[in-house]
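Fold and geometry: a report
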Amino acid sequence: MTVRTPGTPARKIDRTPVTTPGGPKSKEEKIVVTVRLRPLSKKEQLAKDQVAWDCKDDYTIVSKHPSQERTAQPPPFTFDKVFGPSCLNETVYEGVKTVALSALGGINATIFAYGQTSSGKTYTMRGITEKAVNDIYHHIMNTPERDFTIKISGLEIYNENVRDLLNSESGRNLKLLDDPEKGTVVEKLVEETVSNDQHLRHLISICEAQRQVGETALNDTSSRSHQIIRLTIQSTLRENSDCVRSFVASLNFVDLAGSERASQTHADGARLKEGCHINLSLMTLTTVIRKLSVGKRSGHIPYRDSKLTRILQHSLGGNARTAIICTLSPALSHFEQSRNTLFFATRAKEVTNNAQVNMVVSDKQLVKHLQKEVARLEAELRTPDLSREKDLKIQQMEMEIEELKRQRDLAQSEVDELRRKLQDDQQTSNPIELPRPSMKKSLSYSDVLSPKLDRKEIDHNDKTRKTLLRQSMRQSSTAPFTLMHEIRKLEHLQEQLGEEANRALEVLQKEVAYHRLGNQDAAETIAKLQAEIREMCAVRSIKKEVDVGTAIAPNRSVSANLKEEITKLHSQGSTIANLEEQLENVQKSIDKLVMSLPSSNQESNGEAAAKTKNQSIKNNLLPLTSSNVANRQNFIKSPSSSLSTSQQIMEPDNEENRPPEDDDIVSKETPRV
Ligand code: ADP
Ligand code: MG
């Protein structure tokens, strides 16, 4: 099992913490340096040691060495905070509280205690840790919206060996590993997940009990090792939140071994060896701080020269907020050590860190988030927007069909009227008995065929027929050439009607394919529609052949041509009716296709579908969406579009045929529909 070293995110975090682009940017900040002056110990008092330091104010500490000249006194030292002998742990904690609690918001934090043996480091760090634990759990209680996970690990560096304080079985020399992603990690270090504040306090006490304690001449209970207790705090917003990010940060409590020189401990043998090693780590720490304090961040910083600095690398000029509490003995007998501590503290306050909020996205959360996103996109694909688009196209096609019907009715009226006129003419000039095909039936057919046409539309059709009747009556006085011309135009119109229907069907088919909604029913319907259209085309081609036959007889008299035309019209009476029937079938098939397509609001019953359809008929024609630009162009550019067809019907060929003012209304109204 591996764990990341303090300053890097802990193990068991699914992904390496990353500062997201939208997250807070890194913040440059100087290390917070405070100084704590402890009271004279009983031993010092008994030895009649003198107090050599005084707190001038909350920020300044001054020397009051009795035997030194004022000029020989070191200058006053100023720091972020200075705590006198009467200050309690609570007060000292206030000076580093903001740094410690940064970890709750995803910012790594480290609090060091630095000072000579018996200066009060362990005493201070215990107090700080206890207060921080209280505040952390107080914060957790007051932040119910977030789910907190706290883990703890503890290690000791003794004689440059790393030992797990939570697992005495792991041996005394754990390896440090360099992970390209995680940084320096301590191999096999145990990390316990904390269940509550009591559990945490218990685990911290285990760490302290495990710490190597040695006896020295300076302090019977002074520790000879560096202790690092590390909390990893991860918090995530609870469920019902779209936020999938977590804050994760480590909070390190570092109780360093005494900063005194080995010679001062009067140690020999084993003790001397310990002292040398302690100094190696502390000397490297001092060097690192010194180099960082003079702004040589770009230069070589010897973090790797000791295990202490390797493990604490991120807390020294890196991604962490750091506070150093320098502890001092006020005794004159320790004056030099205290002065050295103050020099170290002065350098340390020049070191700048670069803390940033660490956010992680766990694999589990990421999968959950991606699933949500996929579901959202799927829902978007089924949104009414696309269905609405389809509805609009169907609506447009229905309107096209209505227009085709209207034009067919117009043509039918005209044919009927012409026939009647011709019949009258024949009866007067050459009373040939003209057969009466089932044109009456055909005339009234449109009303039967289009039950959807409301009264207004029928009235409009009647009006159109009447206007045409008037027009035809007026035209009846013109030469038979005009009649021939009208017949040609009608034929042309019929041809266009077929083309129009074919085009509408092509578009419909393309749309269905485009939306991949073409189920079996729809495919069958389209096939049926295409068959019907082919049939219509076949009828037209037969008629064309007849037309060609007529056109290649230029020498025949006009009246003979006219007779032929009338006979042809008679024979084609059933053909027109046939075309109407075909159109009706097309309409029905399209209706069926419309019903087979899913409705926009996904109502499955027929009533809902009918409602949607009726609504779409009532609505004005809306522009096509971008997905159908090509088809839209087909509609617009089609030479047989409703506008161009109507214009062709009503456009007079010459002055003679120009309709009167009254009829102009028709020519204007017709394109409107
Ligand atoms: P260090 O860890 O620096 O070697 P300790 O924390 O063990 O020193 O402190 C040495 C002794 O001084 C302990 O008995 C401790 O209780 C006492 N002591 C340290 N600081 C204070 C203080 N601020 N007020 C009262 N007693 C203190
Ligand atoms: Mg100690």
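Throughout, a residue's number is its position along its own chain's written sequence, starting from 1. The naming scheme follows written order: chains are lettered A onward, ligands numbered 1 onward. Given that the model is predicted, a residue must reach a pLDDT of at least 70 before its local features are reported, and side-chain atom pairs must reach 80 or more before they are shown or counted; all residues, however, enter totals for whole chains, interfaces and linings. Working from all heavy atoms in the structure, the side-chain values ignore hydrogens and water.

1. Examining the overall build of the protein chain
Stated precisely, the cut-off is as follows: Under the scheme used here, helices are H or I runs from DSSP no shorter than 4 residues and strands are E runs no shorter than 2 residues, and both carry numbers assigned from the N terminus. Remark: exposure states derive from per-residue accessible area (1.4 Å probe, protein chains only) relative to the maximum for the residue type, with buried under 20%, exposed over 50%, and partly exposed in between. The contact rule is simple, with two residues in contact once any of their heavy atoms fall within 4.5 Å.
Scanning the protein chain from N- to C-terminus turns up 18 helices and 18 strands. Here the protein chain holds 673 residues, and the buried ones make up 51% of them. Partitioning the contacts of the protein chain with sequence separation of at least 6, the portion at a separation of at least 24 is 78%.

2. Structural notes on the packing of aromatic side chains
Test applied: Only centres within 6.5 Å qualify two rings of Phe, Tyr or Trp (six-membered ring in Trp) as a pair; their planes then separate them into stacked at under 30 degrees, edge-to-face at over 60, and tilted for everything else.
Scanning all chains against the criterion turns up 5 aromatic pairs. Taking 6.4 Å as the distance between ring centres and 5° as the angle between the ring planes, the aromatic pair formed by Phe77 and Phe79 counts as stacked. Classification of Phe79 as buried rests on a relative accessible area of 6%. Taking 5.7 Å as the distance between ring centres and 70° as the angle between the ring planes, the aromatic pair formed by Phe77 and Phe343 counts as edge-to-face. With a gap of 266 residues between them, Phe77 in strand E6 (residues 77-78) and Phe343 in helix H7 (residues 335-348) connect regions that are remote in the sequence. In this structure Phe343 comes out as partly exposed when scored by relative accessible area, which is 34%.

3. What about the sheet that holds E6?
Defined as follows: Each pair of strands is called paired provided DSSP finds at least two bridges between the two strands.
Spatial strand order, E4-E5-E6: 3 strands in an open sheet with antiparallel pairing. Of all the strands in the sheet, the pair left with one neighbour each is strand E4 (53-55) and E6. Sheet topology note: the strand E5 (residues 60-63)/E6 ladder contains 2 bridges and is antiparallel. Residue pairing in the sheet places Thr60 in a bridge with Thr78 of E6.

4. A look at the pairing of strand E8 (residues 109-114)
Most of E8 is tucked away: 6 of the 6 residues are buried. Taking every second residue as pointing to the same face, both faces of E8 are buried, with Ala109, Ile111 and Ala113 on one and Thr110, Phe112 and Tyr114 on the other. Relative to strand E16 (residues 321-328), E8 is paired through 6 bridges, and the arrangement is parallel. From the neighbouring strand, Ile111 faces E16, where its bridge partner is Ala323.

5. Topic: the packing of helix H3 (residues 121-141) against helix H4 (residues 197-210)
So the rule is basically this: In this analysis, axes come from line fits to C-alpha atoms, helices being fitted only over the stretch in contact, and the angle between any two N-to-C directions falls in the range 0 to 180 degrees. Should an angle lie under 35 degrees it is considered roughly parallel, over 145 roughly antiparallel, and from 65 to 115 roughly perpendicular; all remaining angles are considered oblique. With the far helix as reference, a near helix turned anticlockwise by less than a right angle produces a left-handed crossing, and one turned clockwise produces a right-handed crossing. In the scheme used here, Gly and all other residues not listed as nonpolar or charged are polar, with Ala, Val, Leu, Ile, Met, Phe, Trp, Tyr, Cys and Pro taken as nonpolar and Asp, Glu, Lys and Arg as charged.
Their axes nearest at 10 Å, the elements H3 and H4 cross at an angle of 160°. With respect to each other, H3 and H4 are oriented roughly antiparallel. Note that H3 runs across H4; the crossing there is right-handed. In this structure, H3 uses Arg126, Thr129, Glu130, Val133, Asn134 and Tyr137 to contact H4, whose residues at the interface are Asp197, Leu200, Arg201, Ile204 and Glu208. For the contact of H3 with H4, the per-class residue count stands at 4 nonpolar, 2 polar and 5 charged.

6. Brief notes about the site of ligand 1
The following threshold applies: It suffices for a single heavy atom of a residue to lie within 4 Å of a molecule or strand for the residue to be listed as near it. Counting of polar contacts relies on pairs of N or O atoms within 3.5 Å, with two restrictions inside protein: one atom must be capable of donating a hydrogen and the other of accepting it, and residues adjacent in sequence are counted only when both atoms are side-chain atoms.
Not every one of the 13 residues close to ligand 1 is listed here, only the nearest: Ser118, Gly120, Lys121, Thr122 and Tyr123. Contact between ligand 1 and Gly120: an oxygen atom at 3.1 Å from a main-chain N or O atom of the residue. Separating an oxygen atom of ligand 1 from a backbone N or O atom of Lys121 is a distance of 2.9 Å. For the shell around ligand 1, the element with the most residues is H3, which contributes 3 residues. Within the shell around ligand 1, the residues separate by chemical class into 2 nonpolar, 8 polar and 3 charged.

7. Side note on the environment of Thr346
Secondary-structure assignment places Thr346 in helix H7. Sequence separation between Thr346 and Thr78 is 268 residues, and the spatial gap between their C-alpha atoms is 8.0 Å. Polar side-chain contacts of Thr346 include one of 2.7 Å to the backbone oxygen of Leu342.

8. Focus on the confidence of the model for the protein chain
To be explicit about the condition: Summary of the metric used: pLDDT quantifies the predictor's per-residue confidence within the range 0 to 100.
A residue-level look at the protein chain finds 56% of positions with pLDDT of 70 or above and a mean pLDDT of 71. Counted against residues more than four places away or in other chains, residues 539-556, with its pLDDT under 50, gives 21 contacts.

9. A look at unusual backbone geometry
Positioned with a positive phi, Lys48 is a non-glycine residue whose angle comes to about 55°. Along the chain, Lys48 turns up in the loop between helix H1 (42-46) and E4. In this structure, Lys188 is a non-glycine residue whose phi angle is positive, near 65°. Looking at the element boundaries, Lys188 is found in the loop between strand E12 (183-187) and strand E13 (192-193).

10. Quick notes on the packing of helix H2 (residues 89-101) against H3
Look at H2 against H3: their axes get within 9 Å of each other, and the N-to-C directions meet at 55°. In this view, H2 runs oblique relative to H3, as classed from their interaxial angle. For the element pair H2 and H3, the recorded crossing hand is right-handed. Seen from H2, the contacting residues are Asn89, Glu90, Val92, Tyr93, Val96, Lys97 and Leu101; seen from H3, they are Tyr123, Thr124, Gly127, Ile128, Lys131, Ala132, Asp135 and Ile136. Tallied by class, residues from the contact of H2 with H3 come to 8 nonpolar, 3 polar and 4 charged.

11. A few points about the nonpolar core
Test applied: Buried Ala, Val, Leu, Ile, Met, Phe, Trp, Tyr and Cys residues that are joined via side-chain atoms within 4.5 Å together make up what is termed a nonpolar core.
Counting 42 residues, the largest nonpolar core has Ile61, Phe79, Leu285 and Leu316 as its most contacted members. Those elements that provide at least two residues to this core are strand E3 (32-37), E8, strand E9 (146-158), helix H5 (270-293), helix H6 (307-311), E16 and H7. Excluding residues that lie within four positions of it along the chain, Phe79 makes contacts with Val33, Val35, Tyr59, Ile61, Leu342, Ala345, Thr346 and Lys349. Core analysis: the next-biggest nonpolar cluster, separate from the first, contains 36 residues, Leu104, Leu166, Cys207 and Leu231 among them.

12. Details of the pairing of E12
Here strand E11 (residues 176-179) pairs with E12 via 4 bridges, running antiparallel. Looking at E12, one finds that Asp178 is bridged to Thr184. Between E11 and E12, which pair antiparallel in sequence order, lie 3 residues.

13. A closer look at the state of the cysteines
Spelled out, the test is: Any pair of cysteine sulfurs within 2.5 Å is marked as a disulfide.
The final tally for this structure, using the stated rule, is 0 disulfides. No disulfide involves Cys87; its nearest neighbouring cysteine sulfur is the one of Cys55, lying 7.4 Å away.

14. Describing the environment of Pro302
Take Pro302: it is sitting in the loop between H5 and H6. When the C-alpha atoms of Pro302 and Gln313 are compared, they prove to be 9.7 Å apart, with 11 residues separating the residues in sequence. Excluding its chain neighbours within four sequence positions, the residues that come into contact with Pro302 are Thr284, Thr287, Val288, Lys291 and Thr309.

15. Structural notes on the pattern of salt bridges
The criterion, for reference: Basic side-chain nitrogens of Lys or Arg form a salt bridge, by our definition, when they fall within 4 Å of a carboxyl oxygen of Asp or Glu.
Counting across every chain of the model gives 23 salt bridges. With a shortest N-O distance of 3.4 Å, Glu208 and Arg126 are connected by a salt bridge. Of this pair, Glu208 sits in helix H4 while Arg126 sits in helix H3, placing them 82 residues apart in sequence. Assessed through its relative accessible area of 22%, Glu208 is described here as partly exposed. Among the residues examined, Arg126 registers a relative accessible area of 46% and is labelled partly exposed. Notably, a salt bridge pairs Lys421 with Glu417, separated by 2.7 Å at the nearest N-O pair. Here Lys421 and its partner Glu417 are both found in helix H9 (residues 384-429), 4 residues apart, which amounts to about one turn of the helix. Summarising the burial analysis for this pair, Lys421 and Glu417 share the class buried. Members of the salt-bridge network, linked through shared partners, are Glu417, Arg420, Lys421 and Asp424.

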